[in-house]
Amino acid sequence: QKEDIQAVVSTQSTGEDGYDIQEAAGLPRGTRIVIQLKDDAVEFCKKDRVREVLRKHSNFVGFPIFMDGVQVNTIEPLWTRKPSDIPDEEHAELYQSLS
């Protein structure tokens, strides 16, 4: 069976309007995020703070997100399942995570 091969790309943004995408020959498949922070945003250098932000904003993403080899988004999106298959405890966990 033929493997579906896609080009590896690099995406860069200054945080202003838009971003640039370029082919990135020689890089392995996967995602690496490099962020340059302003002096007043040093809290985001701390792993616990980054993990907190990832959980808050990516917990219901339909694919796993790992940080230091540990999956940070552990809640399966409820809207991908039949309502009759979701126990009350999972509904409560969803509402608690959003508040």
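What counts as what
Residues numbered from 1 in each chain as written. Predicted model: local features only at pLDDT ≥ 70, side-chain atom pairs only at ≥ 80, totals over all residues. Heavy atoms only, no water. Helix = DSSP H or I, 4+ residues; strand = E, 2+ residues; numbered from the N terminus. Buried < 20%, exposed > 50% of the residue type's maximum accessible area, 1.4 Å probe, protein only. 1 Å grid on protein atoms, 1.4 Å probe; cavity = no way out; pocket = protein on both sides within 12 Å on 5 of 7 lines; lining within 4 Å. Points joined across faces, edges and corners; volume = space filled by probe spheres on them.

Asks: What should I look at first to understand unusual backbone geometry in this one?
Replies: Phi is mostly negative for residues that are not glycine, and the peptide bonds are mostly trans. Residue Asp68 is not a glycine yet carries a positive backbone phi of 55°. Examined against the element boundaries, Asp68 turns out to sit in the loop between β3 (66-67) and β4 (70-71). Given a relative accessible area of 53%, Asp68 falls into the exposed group.

Asks: What is the right way to look at the layout of surface pockets in this model?
Replies: If you roll a probe as big as a water molecule over the atoms, it shows you where there is empty space left. Space inside the second largest pocket adds up to approximately 640 Å³. Lining the second largest pocket are 16 residues, and of these Ile33, Ile35, Val50, Leu54 and Met67 sit closest to its centre. Secondary-structure elements contributing two or more residues to the lining of the second largest pocket are α1 (47-58) and β3. Broken down by element, the lining of the second largest pocket gets its largest block of residues, 3 residues, from α1.

Asks: Got a minute to help me understand the environment of Gly18 in this structure?
Replies: Secondary-structure assignment places Gly18 in the loop between β1 (9-12) and β2 (20-23). Classification of Gly18 as partly exposed rests on a relative accessible area of 38%. Taking C-alpha positions, Gly18 is 17 Å from Gln36, a pair spaced 18 residues apart along the chain.

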